[in-house]
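Results of the structural survey
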Amino acid sequence: LFPINKTVEDKTQLGLSLRLSVFCWGDLGRKTMASVLPFVRGVDFSQSQFPNGHFEDKVAEMSNLRWLRLNKSSLTIMPEEMDQFQKLEVLTLSRNRLKELHTGNIPGIQSLRVVNASHNIIRDSGLPSDLFKVKDLVTLDLSHNELTKIPEDLLHAKNVIVVSLSHNKISSMPGSLFVHCSGIEYMDLSNNELQSMPPQLRRLEHLQHLSLANNPLQHYTFKVLDKLTNLTTLNLSNTGRDFTNTPHLDKLVSLTDIDMSHNELSRIPEPVYLLEKLRRVNMSHNCIRELSSLIDTWLLIVSLDLSSNQITALHPNICKCVKLKRLFLSDNRLTFEGIPPAVGKLTELEHFLAARNQLECIPEGLCRCYNLKKLVLTSNCLLTLPEGIHYFKLEKLDIRNNPNLVMPPKPTEQVKGSGAEWYNIDFDPEILKQGAVVAASKVIKGAYTRQKERRLKMLKQRKSSVGTSGRDEESAMKVLKGLVDVAEWHTQNDDVLSAGAAVDLEAGDEQVRSPTKPKRWDQVLRRPDLDYTELFSEEVGKLPGITLWQIENFYPVEVEETFHGQLYMGDCYIILKTHWNETSELDWQIYFWIGRDSTLDKRACAAMHAVNLRNMLGADSRTCREEQGDESEEFEDLFPEGISYIEGGTQSGFFTTEEDDLVIRLYQLHGSKRPFLEPVDTVATSLVLSHVFLLDTGTDIYIWCGSKSSLMSRSKGRLIAEKINKIERKNKTRIHQIRAGIEPEEFWDILGGPSEDPIPLQSETEYIPRKPVLYKAGLGTGYLELPQVELPQGQLIQSLLKTNEVHILDCYTDVFVWIGRKSARLVRAAALRLAQELLQMLDRPGTAMVTRCQEGTELQIFKARFMNWDEVLAVDFTRTPEMLEQRKKELKKNPGVPPEKKAAKVDLSPLFLPRQLPMPNREANALTMKWNQQLLSMRCCIIEGKKFSILPNREKGHFYSAECYFFLCRYAVPVEDRIEEKDEEDEDSEDEEPEQEIQTVVYFWQGRLASNMGWLHFTLGIQKQLERAMDVPIDVIHVKQQQEDFKFLSHFGGKFIIHQGSRDDEEDPNKPALYQIRANQSKICRRVVQVPAVPKSLNSAFCHILKVPFENSGGSGIVYIWIGSQATQEEAIHAEQMGRTMFESTYSNVVIQEGSEPENFFWVALGGRAPYETNADFMKFSRLFRCSNDKGFFAVSEKCSDFCQGDLSNDDVMILDNGLEVFIWFGANASEIEKKLAMKSVQVYLKHLNTEASGSKRKLKIAKRGMELWEFTRCFHGWVAEASL
């Protein structure tokens, strides 16, 4: 029973504890259970959707709500239920679409203290006047709205401290605001239309932060600014400051941050140098040419931004700013001499940015800044770098656009992961040429390692040997005599030492003192050398007070101080009392309390961990056992408010035989690199042929593979099912892998029978994954809170989950409650109850449910939501029971021998094969003639939304990269001879088959910039219409831009033109367009692709077509057909044909040879004459390799010679050889193993090229996605920058 004499707060806590205690022992799904929503003090509903701006009925039950967040909730009006939160203090409505704050009766909430309505579209009329009359209002944030003036009633908010009105359209400030609201400490008025500030600004004596950036204040002089002596942060960026209107800041002695960027300052004002407390200074985008010697007064400065100025040299006194961490010097005129040699004194420097300067090198002293993490030297004149650059552990090193840079040689020290033994692979080229082999590991020792081992061996032999002549013999005799004397002395005094006597040797004399009393048994005991950090925190016992632990699942869990004295009869506790003893030292008393109904495991663990606690603290006292109802007076004195017994307790740590209620669920597998399961309705209509589904009944898991699903998805689905069975079901679940069309009857029985309609290829609604929301359950004195946890870069990572906390993960279709092992019992109960309430508060599918996850035993569907947490492991299906028995026998014979590491399987054979030869023109002409003779007809159509239109004949062969097309082709294909085993009678009666049969093929062409919606509309609608209209089977071939097959390309006769953009784009009629004609492997692959209209796109080995429209001419101009000096005659004839038929007849055609270009039109259209390449030798050597482990082992495969930008897979690593350089290109989703093995494969490839003497010696370069060099992109016909994709 609880004592009755409690305060109001204690009674509130008492009621909450009782409800949560009942919940712990009650049924999770009981509808009549008392709600805990009235105890919720705060909740974060950010990114949640509320239809029509209304809360669910459950939300209104939180009558004691103190804070509420509704950020990014797509609200257009205020929910009407807001007036029910009369105790609300903090309201956040940021990043919505609110036009006013009237609806919802917000002014009626008189307890409001903080209102944040930033990033909305609120206007002046949308602010209620009563809002500013709330006497406790201290924070008001209305930034990023559409206000044109300061609210007139804001002056009534006399207690306001924080005012943020930035990014509005305010043009004036009333002086009365500063008279009535003189207590403002933070004011942000940036990005408005202010032209002046009232003189009453000087009344803000407590103002600490003032931001006036991006306002037209060039005529305002800030005469009263020196009165704001408490100002710590001042932002005057882009306010038209120069030396005539810059205020005197020397009196602002408290100023720590100042921003005067984007002004017209020719130098830093001297009063700024006198501010000794400055920590952050931003003077970027000015006209500063030099720094003063007074810069050494900034001894506390941490960040200095001087970028985008005209500085040629840094003053040497900057090296005295030893606390400087970030130095920004980009876009200046710095040279090598302009950086002081003593820059190495800035030992705390972390960021050094000096891009776009004139640096030839950096001082050697900069390499002594050992804390440097980011070094940016882009677009300089670098020739080399100091050798010490290799010893930095830089997070970012950017040295792009330095063409003459030669990196210093890297130290030859072997790093972890570079040796062959790290991969367990022998990279011997003779072995790797054989294909996919299992390479045995071997340890390779270098010459230095062997020499070091020999020296150690010699030293060891010298120490163990004793000389036999001269001084060595004499020294050896002395050593032996000393050893004998020590042994005799120990023998003579053995009885004295055994009795506890002490021997004192002073000045070479042996003096034996009288025997001392031996130590007690407890004094002889030594503290075990064990690590107790897994049981108790290191802060335990460091401060006086009472600490309480509850035994749960064999481990002690600390109990919050609020619940001290409330002991459950079914639990056991450990109590530590820390106090000062008589000698002013910390002393401890340890008790363990046994509940009447506690189980055996809890009692044993309480006694055991009490001893562990004593050992960890080194306490001399004993552990005292206390039982319920028989507590000692000393134990009762530990709880001044008395001890309260509560029925119940946590479950036993022993395994029980209770059977869980199995819920049948159907999951759809999404993702390839990081797959996860999304629950769907358990009906047959949820199945689609393009995905893999898992039907989980508890005792069986059915893996349903759609006929159009990828092999990777099928493998991932199988591995996930194996993981669930192994970890969660103890190998008691049967796994069935079935394919579409051959499902067993029991599968359809579970789904309620098969669907009447055929299973579609794709779902009608495109799947858009919901962003998961992670909550942290908080429990205080009589209240609950549910704040959100900020996700780093929007990704869930395992480190967000703390072992002493409880989290709720809301995935929209599933709600998980993660319980940390050291979390409090009542917090767990509160989180479980809140999860049930959260499930009903928001609109969700019918399949949503609450799932509990204990730390260490998380479900696979829960872990799959996190980045790099327990990825699905491969299951070795080749290991037989006989192999396992053999392994057990080996372990019994040699128990100390570790298992042999399994050798890795690799396939690098394509690296050793010769380059594919181009197809001869004679063969290409023969294939083209053959395929075109079979073609009976071809209709060209373009996808327009959900419909299609037939293209006119003049547009045949014209493609746009943002469009989708399909081509209906009918072929007369010769019937092949069929070999059948029949009787002679059947052969005699067999009818003669026709010589030809009609075959219908649809080629679906998708541009690189086109979305997948065109393909979905075709497969779900247009394809069925074609099949019904033609009443014949249709073969669909999906091809992508520049990945077409030869047969499709042969139907266009060389007229295959690819334009950038969309067919209906309204381009600038006066903008020129440049097209490059190029064939990578055969003349069949010849394409006319639009490239950037710049001189760099030209090449003497190709023909180009330049379209130059006349200004204001109504669609007329000139088409230049540019013939490269190295182009063949056949290529020139083809280019002339293309140029005369590509554009309208209003354009005149001019054929020009390289070197005879007119200046007035040709070069002007390209932006002026500039250098370009005069050969295409890279076409003779270009090869593209793909490095991946999709096959279950690492393998390298070569793309065909007609490769394109679309062949660069973001999930893999690519290797490109252009004859001069070998580039290694890393995809964003490539694994670390793929990257490491790809780097080793490149080294093998380079070694092979040097051995075979194939061309010139290559250089190895790294190409990053989005930052590829020109030498890399020129190998791809029609390369498009990543920003355009």
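Scanning the chain from terminus to terminus reveals 24 helices and 55 strands. For the chain, with 1285 residues in total, the buried portion stands at 46%. Pairs at least 24 residues apart make up 58% of the contacts formed inside the chain by residues separated by at least 6 positions. With the model as given, the accessible surface of the chain reaches about 69,000 Å², and the carbon-plus-sulfur share is 50%.

We now examine helix H12 (residues 711-728). Think of an α-helix as turning once every 3.6 residues; residues three or four places apart then point the same way. Here H12 is 18 residues long and its end C-alpha atoms lie 25 Å apart, about the 26 Å a rise of 1.5 Å per residue gives. When we look at burial in H12, the residues that qualify are Ser713, Gly717, Leu719, Ile720, Ala721, Glu722, Lys723, Ile724 and Asn725. Against the buried residues of H12 lie strand S27 (665-670), strand S28 (676-680), strand S29 (692-696), strand S30 (700-705), strand S31 (734-739) and helix H15 (860-863). In the stretch just after H12, lysine 730 is the one whose phi turns positive, near 55 degrees.

Attention now goes to helix H21 (residues 1129-1141). Its 13 residues place the ends of H21 19 Å apart at the C-alpha level, agreeing with the 18 Å of an ideal helix rising 1.5 Å per residue. All buried positions along H21 are accounted for by Ala1132, His1134, Ala1135, Met1138 and Gly1139. What you see down the axis of H21 is that its buried residues fit within an arc of 165 degrees, all on one side. If you follow the buried residues of H21, they end up packed against strand S46 (1073-1078), strand S47 (1087-1091), strand S48 (1103-1109), strand S49 (1117-1123) and strand S50 (1147-1153).

This part is about the sheet that holds S50. Read across the open sheet, the seven strands follow the order S41-S45-S47-S46-S48-S49-S50; overall the sheet is mixed. Lying at the two open borders of the sheet, with one neighbouring strand each, are strand S41 (958-960) and S50. Across the sheet, the mean angle separating the axes of adjacent strands is 25 degrees when strand polarity is ignored. Alignment of strand S45 (residues 1057-1059) against S47, held across two bridges, turns out to be parallel. Of the residues in S47, the one forming a bridge with isoleucine 1058 is valine 1089. Helix-sheet contacts for H21 involve S46, S47, S48, S49 and S50, and the interaxial angle to S49 is about 170 degrees.

Another point: the state of the cysteines. One pass over the structure, following the stated rule, counts zero disulfides. With no disulfide of its own, cysteine 1085 lies closest to cysteine 1200 among cysteine sulfurs, the gap being 7.5 Å.

Next up on the list: the packing of aromatic side chains. Throughout the structure, instances matching the rule amount to 42 aromatic pairs. An aromatic cluster is built from Phe959, Tyr965, Phe967, Tyr1003, Trp1005, Phe1048, Phe1052 and Phe1056, whose rings are joined through pairwise contacts. When the ring centre of phenylalanine 243 is taken as origin, the NZ or CZ atom of arginine 267, which lies over that ring, is 4.3 Å away. Arginine 821 extends its terminal NZ or CZ atom over the ring of tyrosine 555, reaching a point 4.6 Å from the ring centre.

Attention now moves to the environment of threonine 562. Residue position: threonine 562 is located in the loop between strand S21 (555-558) and strand S22 (566-568). Take threonine 562: its relative accessible area is 33%, and that puts it in the partly exposed class. With 218 residues separating them in the primary sequence, threonine 562 and glycine 780 have C-alpha atoms 8.1 Å apart.

Here we have five strands laid out as an open sheet, ordered S21-S20-S23-S24-S25, and mixed in their pairing. Of all the strands in the sheet, the pair left with one neighbour each is S21 and strand S25 (623-627). Mean inter-strand twist for the sheet, computed between neighbouring axes without regard to direction, equals 30 degrees. Of the strand pairs in this sheet, strand S20 (residues 545-552) and strand S23 (residues 572-580) are connected by six bridges, and their pairing is antiparallel. Bridge pairing in S23 links tryptophan 549 to isoleucine 574.

In this section: the side chain of serine 1062. Residue placement: serine 1062 occurs in the loop between S45 and S46. Of note is the side chain of serine 1062, whose polar atom sits 2.5 Å from the side chain of glutamate 963.

A few words now on the nonpolar core. In this structure, Phe45, Leu68, Trp298, Leu304 and Phe352 are the most contacted members of the largest nonpolar core, which totals 151 residues. Element by element, the count of residues in this core is highest for helix H14 (residues 825-841), at ten residues. Excluding its chain neighbours within four sequence positions, the residues that come into contact with leucine 68 are Val43, Phe45, Met82, Phe85, Leu88, Val90, Leu91 and Thr92. Listed in part, the 26 residues of the second largest apolar core include Leu694, Ile701, Ile735 and Trp818.

Under the counting rule described, the total for this entry stands at 33 salt bridges. The residue lysine 776 makes a salt bridge to glutamate 805 at a minimum N-O spacing of 3.3 Å. Residue lysine 776 is located in strand S32 (residues 773-776), and its partner glutamate 805 is located in the loop between strand S34 (784-786) and strand S35 (806-810); the two are separated by 29 residues in the primary sequence. By relative accessible area, lysine 776 is classed as partly exposed at 34%. Residue classification places glutamate 805 among the buried positions, given a relative accessible area of 18%. Taken together, the salt bridges that share partners define one network made up of Glu944, Glu955 and Arg1063.

This brings us to the confidence of the model for the chain. When pLDDT is averaged along the chain, the result is 81, and 81% of the positions lie at 70 or above. Between residues 414-422, whose pLDDT stays under 50, and residues either more than four places distant or in other chains, the model counts 13 contacts. In the model, residues 872-878 has pLDDT below 50 throughout and makes twelve contacts with residues more than four positions away in sequence or in other chains.

A word on the pairing of S27. Within S27, six of the six residues are buried, leaving the element largely enclosed by the surrounding structure. Across the two faces of S27 the burial is the same, with Arg665, Tyr667 and Leu669 and Leu666, Gln668 and His670 all buried. In this structure, S27 lies alongside S28, joined through five bridges in antiparallel fashion. Looking across to S28, one finds that tyrosine 667 is bridged to proline 679.

Sheet topology note: the S23/strand S24 (residues 586-594) ladder contains nine bridges and is antiparallel. By the bridge assignment, cysteine 572 is partnered in S24 with isoleucine 594. What sits between the antiparallel neighbours S23 and S24 is a turn of five residues, in which serine 584 has the positive phi angle 60 degrees. Pairing of S24 with S25 involves five bridges; the strand directions are parallel. Counterpart to isoleucine 590 in the pairing with S25 is threonine 623. The β-α-β motif built from S24, the intervening helix H10 (residues 600-617) and the parallel element S25 has right-handed crossover chirality.

In this section: empty space enclosed by the protein. In the structure shown here, the tally under the stated rule is three cavities of 30 Å³ or more. Lining the largest cavity, in full, are Gln550, Val557, Glu558, Val559, Phe563, Gln566, Tyr568, Tyr573, Ala824, Arg825 and Leu826. Secondary structure elements with two or more residues in the lining of the largest cavity: S21, S22 and H14. For the lining of the largest cavity, the class distribution of residues is seven nonpolar, two polar and two charged. As a volume, the second largest cavity reaches approximately 60 Å³. Lining of the second largest cavity is provided by Arg915, Arg1078, Asn1080, Phe1178, Met1179, Ser1182, Ser1201, Phe1203 and Cys1275. Here the residues of the lining of the second largest cavity sort into four nonpolar, three polar and two charged.

About the cut-offs
Residues numbered from 1 in each chain as written. Predicted model: local features only at pLDDT ≥ 70, side-chain atom pairs only at ≥ 80, totals over all residues. Heavy atoms only, no water. Helix = DSSP H or I, 4+ residues; strand = E, 2+ residues; numbered from the N terminus. Buried < 20%, exposed > 50% of the residue type's maximum accessible area, 1.4 Å probe, protein only. Contact = heavy atoms within 4.5 Å. Areas by Shrake-Rupley, 256 points an atom, 1.4 Å probe, with all protein chains shown as cover. Expected span 1.5 Å × (residues − 1). Arc of directions from axis to C-beta. Pairing = 2+ DSSP bridges. Axes fitted to C-alpha atoms, helices over the stretch in contact; angles between N-to-C directions. Disulfide = S-S within 2.5 Å. Phe/Tyr/Trp six-rings, centres within 6.5 Å; stacked < 30°, edge-to-face > 60°. Lys NZ or Arg CZ within 6 Å of the ring centre and 35° of its normal. Polar contact = N/O pair within 3.5 Å; in protein donor to acceptor, adjacent residues only side chain to side chain. Core = buried A, V, L, I, M, F, W, Y, C linked by side-chain atoms within 4.5 Å. Salt bridge = Lys/Arg side-chain N within 4 Å of Asp/Glu carboxyl O. pLDDT = per-residue confidence, 0-100. Right-handed = clockwise from strand over helix to strand, strands pointing away. 1 Å grid on protein atoms, 1.4 Å probe; cavity = no way out; pocket = protein on both sides within 12 Å on 5 of 7 lines; lining within 4 Å. Points joined across faces, edges and corners; volume = space filled by probe spheres on them. Nonpolar A, V, L, I, M, F, W, Y, C, P; charged D, E, K, R; others polar.

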